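Descriptive structure summary
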Amino acid sequence: MHLHRCESVIENTTKALHVRQIRHDAVAVTAMVQDKESDLKMVQIGAGTTPGAFQIQPLTAIHAATVIHVNETEEIVTRVKVNATWNVHDDESDIKHCTCSVGMFPYKANIQDQWYADNQSSCESTLLQLKHGDKVYVNIKCVNNVELATTTTVASNTLSINFTKSNDVTVKIIPVNEAPFSTIPITVAPTKIQSNKSLVQISWSEFKHTSGIDYYEYCISDERNTIIVDWTNVQLKTVASAHGLILNNAEKMNVSVRATNTGQYTSEAVNASLFTISEPSALSGNPMLVSRNGHIIHIDWKPAFFTIPDFPVVYSLIVGSRKGFTDILDINYYTGHTYDIAAPSSTLISPNITELFFT
């Protein structure tokens, strides 16, 4: 029998983490840490843009592999399969076997009793009857060749079996206007209006989900459901700008936003709409209509303008005893196209009125 005595403890913090890029927006991290005497209760990993900081991700417990969902037709309870992987070694006597169990609490086996793992680094559960939002823990026990065992539990995962749209989620369009643009307050609730034909800016409130959101997508289409911008992944951003568009005057666009959770279930889309008005109202060439009944003068200027059907228009109306003057009437933001006015016999500007000028 050989007995070895530990003379010193050497820590190498520079090689404790192995990081490799797996996508343009994701890295894989392997934590090479262990505690042979008391084992590790939890390992947390965070990420930052400076050493020791966590601007990108706060300290978060390492989880087991992603939950795999298996849909069973016409079953009331969806069945799911849980996979777990780990690293284990024993320099003295090697590993004899490992077992796994699944529970709703750490070190509990109340979902699936202990079973022998297929190998010394991974195990897969049977089909489990769990419901959306359940938390599961995978308990791993490894035994060496002298029957000494180490048990650990993997931090909980939350099951994602569906995605229910939150009624609180809203999509907002931030109008982009090019000078000169009228400051007249025109609104077509919930439709926004802008003059820019090449840029659409949108924002939305966060989707809430028990298992967490993986990414957001947005899509832009016209009123004929023709795709202008196909579904575009913006990761976890809640704002987006679509540049380089070619939109038409008086065109209505529909903007849709949806979220995908960590179980890769996609929500229903939340929508908003936008009108592009890039040209001013045009004159038709016809005069406004004027009729008189005693001192009451009735005017109707609808024939004088080309307007977009079913789209709100506001007018400014001035009436004066001289051209360009407002000594009789001055109205802004008027939504009608007819007006009745009582013609006065005099004003401060004109003691004896013989003509009225309408603009």
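Everything below is about the structure shown above.
First, a word on scope: everything that follows refers to the structure included in this document. (Residues numbered from 1 in each chain as written. Predicted model: local features only at pLDDT ≥ 70, side-chain atom pairs only at ≥ 80, totals over all residues. Heavy atoms only, no water.)

**Notes on the sheet that holds strand 27 (residues 329-334)**
Taken in spatial order, the three strands line up as 27-26-29 in an open sheet, and their pairing is antiparallel. Of all strands in the sheet, those bounded by a partner on one side alone are strand 27 and strand 29 (357-358). Pairing of strand 26 (residues 315-320) with strand 27, which is carried by four bridges, proceeds in the antiparallel orientation. Opposite Val319, over in strand 27, you have Leu329 as the bridge partner. (Pairing = 2+ DSSP bridges. Helix = DSSP H or I, 4+ residues; strand = E, 2+ residues; numbered from the N terminus.)

**A short note on the state of the cysteines**
A complete count under the given rule lists two disulfides for this structure. The disulfide partner of Cys98 is Cys142, and the gap between their sulfur atoms is 2.1 Å. As the torsion about the S-S bond is roughly 105 degrees, the Cys98-Cys142 disulfide counts as right-handed. Taken together, the residues span a long stretch of sequence, with Cys98 in strand 8 (residues 95-103) and Cys142 in strand 12 (residues 135-144) at a distance of 44 residues. You can call Cys98 buried: its relative accessible area is 2%. With its sulfur 2.3 Å from that of its partner, Cys100 forms a disulfide with Cys123. (Disulfide = S-S within 2.5 Å. Buried < 20%, exposed > 50% of the residue type's maximum accessible area, 1.4 Å probe, protein only.)

**What about the nonpolar core?**
Grouped together as the largest cluster of nonpolar side chains are 24 residues, with contacts concentrated most on Val200, Ile202, Trp204, Phe207, Tyr218 and Ile220. Going through the elements one at a time, strand 14 (171-174), strand 16 (200-204), strand 17 (213-222), strand 19 (239-242), strand 20 (251-261) and strand 21 (270-276) are the ones with two or more residues in this core. Listed in part, the 19 residues of the second largest apolar core include Trp86, Ile95, Cys98 and Leu128. (Core = buried A, V, L, I, M, F, W, Y, C linked by side-chain atoms within 4.5 Å.)

**Examining unusual backbone geometry**
Even without a glycine there, the phi angle at Asp94 is positive, about 70 degrees. Examined against the element boundaries, Asp94 turns out to sit in the loop between strand 7 (83-85) and strand 8. Assessed through its relative accessible area of 46%, Asp94 is described here as partly exposed. We note that Glu147 has phi near 65 degrees; this positive angle belongs to a residue other than glycine.

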